[in-house]
Amino acid sequence: MLLIVRNQTYEKLYFFSPDGDKQWTGTCLPASSSKRVTLAARRLQISRVSEPEKASMAVAVVSIPRSLCAWKPLPGLDSSPWLAYYRRSAGKRCYLVVMPRRDPSCFLKSIPDTVPLSSLMLPGTHETMALYGWPISQCQSVTLGAQLNSGIRVIDIRLAINGNRLISFHGIVSQYTAFSDVLHQLHAFLTAPSTCSETVVVSIKQEDDDTRRFPQLVREEIMKSPGGLDMWYLEDRIPNLGEVRGKAVMFSRFGGDGWTGGAVGIHPPVWPDSARLGFTWDCKGTIIRVQDWYNHLSFLSIPEKVEASTEILVAPEDFPSLLSISFLSASSLPFALPPLVALGLGWPNLKLGFEGVNSRVGRWLVERLTGTTPGLERNNDAGPRIRGWALMDFSHDPASLIPLFIECNFRGRKAGEEGWI
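Note that the structure is a prediction, hence the values are computed from the model and not measured.

Parameters and conventions
- Residues numbered from 1 in each chain as written.
- Predicted model: local features only at pLDDT ≥ 70, side-chain atom pairs only at ≥ 80, totals over all residues.
- Heavy atoms only, no water.
- Axes fitted to C-alpha atoms, helices over the stretch in contact; angles between N-to-C directions.
- Helix = DSSP H or I, 4+ residues; strand = E, 2+ residues; numbered from the N terminus.
- Parallel < 35°, antiparallel > 145°, perpendicular 65-115°, else oblique.
- Left-handed = near helix turned anticlockwise from the far one by under 90°.
- Contact = heavy atoms within 4.5 Å.
- Pairing = 2+ DSSP bridges.
- Salt bridge = Lys/Arg side-chain N within 4 Å of Asp/Glu carboxyl O.
- Buried < 20%, exposed > 50% of the residue type's maximum accessible area, 1.4 Å probe, protein only.
- Core = buried A, V, L, I, M, F, W, Y, C linked by side-chain atoms within 4.5 Å.
- Disulfide = S-S within 2.5 Å.

How do you make sense of the packing of helix 2 (residues 179-191) against helix 3 (residues 213-224) when you look at a structure like this?
Each packed pair of helices is defined by two parameters, the angle between the axes and the distance between the axes. Their axes nearest at 10 Å, the elements helix 2 and helix 3 cross at an angle of 45 degrees. As summarised for this structure, helix 2 and helix 3 are arranged oblique, according to the angle between their axes. For the pair helix 2 and helix 3, the sense of crossing is right-handed. Where helix 2 abuts helix 3, its residues Phe 179, Ser 180 and Leu 183 lie against Val 218, Glu 221 and Ile 222.

And the structure:
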């Protein structure tokens with residue numbers, strides 16, 4: 001088979017394939033290069049050294065799939081310093097893309113302090129604590145701690161008053177976790193030696209109608225929690241990364257009664273419900289644009305949803321003070337429930353079912369990162385500028401989606417731009 005191999009790491013790699021006679025045919029690819037390789041078998045060995053028999057621990061072996069899948073991560077590299085993705089284009093070209101493996105629990109450690117949060121690609125979860133009520137209310141499948149360690153850096157906390165404390169809710173459905181438990185988990189993550197380099201944007205939305213008590217309870221519970229108010233960035237502007245390492249960044253979707261100066265943290269003045277074309281506002285000189293169209297009549301709107309949610313993440317080079325917030329989530333009864341929209345149904349590669357948002361976005365990211373997007377000129381060597389905050393339902397399915405978002409932070413960078421040094 002003919003395979004286009006693309007080395008998107010920062011090192012020279014060697015690729016070997018067996019020729020059927022216990023011999024290995026090899027090719028060398030410098031960093032950020034690609035080459036057509038003819039395989040006699042569907043196995044490929046990846047190494048840092050030029051001779052496979054001397055490769056020792058520097059070797060990973062991947063199997064090229066026979067399926068008709070549009071893209072998929074390849075197993076076999078768990079202990080290697082690389083990730084590999086297979087992509088099959090509409091023109092039936094087959095690609096193997098090798099990328100560096102990054103530690104998702106502390107990936108912000110490798111980014112300069114001078115980069116503003118608006119110039120990062122931060123993976124996030126919509127309805128972060130919605131772990132119950134499948135298939136109507138549930139939007140996530142793993143706990144907050146697991147989300148943070150997997151690379152999630154924007155969380156969507158929705159709360160309602162229950163007695164004298166705040167509890168996670170999705171609409172009118174309780175998700176049982178107390179706000180105080182969320183605060184303890186955030187503090188543990190942001191103060192741990194291995195992850196204190198990180199920051200987490202915390203969107204807090206009110207799910208009840210007591211506008212007087214709600215902001216007061218939020219403040220009281222934060223003050224009583226480990227770290228207190230000192231652990232929070234509370235200004236209404238977009239900070240640089242260095243200002244907020246080890247801190248939670250408040251993004252308030254509630255009124256500011258009881259807080260000094262009214263609204264607290266980054267605070268949108270309005271939030272139109274399910275605005276199909278999105279909306280924008282000016283946050284102290286940074287234009288914030290939001291795509292949160294969620295009320296779909298059915299799963300037939302998934303392609304349109306994906307197009308709207310991904311286009312907003314492509315950063316224009318001539319507009320540096322811009323933050324894009326994209327919700328990849330959608331929900332509507334009865335034909336667009338959260339699991340159906342996010343995960344799809346059946347076997348779409350065999351035309352038996354439909355592909356969900358998460359898989360489609362993963363394919364879009366692979367195409368963009370490899371310069372194989374249909375109808376677009378190939379990307380320059382630096383790669384595309386994909387920037388913003390992307391909030392997903394069922395963020396761990398597929399598990400390979402978050403690493404693709406993380407990789408965007410290291411592509412399209414030029415010294416002296418976007419705070420990069």
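The structure having been displayed, the exposition proceeds.
Would you take a moment to explain the sheet that holds strand 2 (residues 13-18) for this structure?
Remark on secondary structure: sheet strands pair via backbone hydrogen bonds, oriented parallel or antiparallel. Taken in spatial order, the four strands line up as 3-2-5-6 in an open sheet, and their pairing is antiparallel. For this open sheet the edge positions go to strand 3 (24-29) and strand 6 (59-63), each flanked by a neighbour on one side alone. With direction set aside, neighbouring strand axes in the sheet form an average angle of 25 degrees. Looking at chain direction, strand 2 and strand 3 are connected through six bridges and run antiparallel. Directly across from Leu 13, in strand 3, lies its bridge partner Leu 29.

Help me understand the pattern of salt bridges in this model?
Side-chain pairs of opposite charge can arise where the charged atoms are in close proximity. By the definition in use, this model includes 18 salt bridges. Of the charged contacts, one joins Arg 158 and Asp 156 as a salt bridge, the two residues approaching to 2.9 Å between their closest N and O atoms. Among the residues examined, Arg 158 registers a relative accessible area of 11% and is labelled buried. Note that Glu 235 and Arg 237 form a salt bridge whose closest N and O atoms lie 2.8 Å from each other. The class of Glu 235 is partly exposed, set by a relative accessible area of 41%.

How should I be thinking about the nonpolar core in this particular structure?
Generally speaking, a soluble globular protein has its nonpolar side chains buried in company with each other. Judged by nonpolar contacts, the single largest core of 88 residues is most densely connected at Phe 179, Ile 204, Trp 232, Trp 389 and Phe 405. Excluding its chain neighbours within four sequence positions, the residues that come into contact with Trp 389 are Leu 117, Met 121, Leu 122, Val 154, Val 201, Phe 251, Ile 266, Leu 323, Ser 324, Ile 325 and Ser 326. Core analysis: the second largest hydrophobic core is formed by 21 residues, Leu 13, Ala 60, Leu 74 and Leu 96 among them.

Would you mind showing me how to read the state of the cysteines here?
Scanning the entire structure with this criterion turns up zero disulfides. With no disulfide partner, Cys 106 has as its closest neighbouring cysteine sulfur the one in Cys 196, 9.6 Å distant.

Which parts of the structure should I look at to understand the pairing of strand 10 (residues 121-125)?
Strand 10 sits mainly inside the fold: five of its five residues count as buried. Covered by surrounding structure in strand 10 are Met 121, Pro 123 and Thr 125 together with Leu 122 and Gly 124, the residues of both alternating faces. In terms of strand pairing, strand 10 meets strand 22 (residues 388-392) through five bridges, oriented parallel. Within strand 22, the position partnered with Thr 125 by the bridge is Met 392. Bridging between strand 10 and strand 11 (residues 154-162) involves two bridges; their strand directions are parallel. Paired with Gly 124 across the strands is Val 154, a residue of strand 11.

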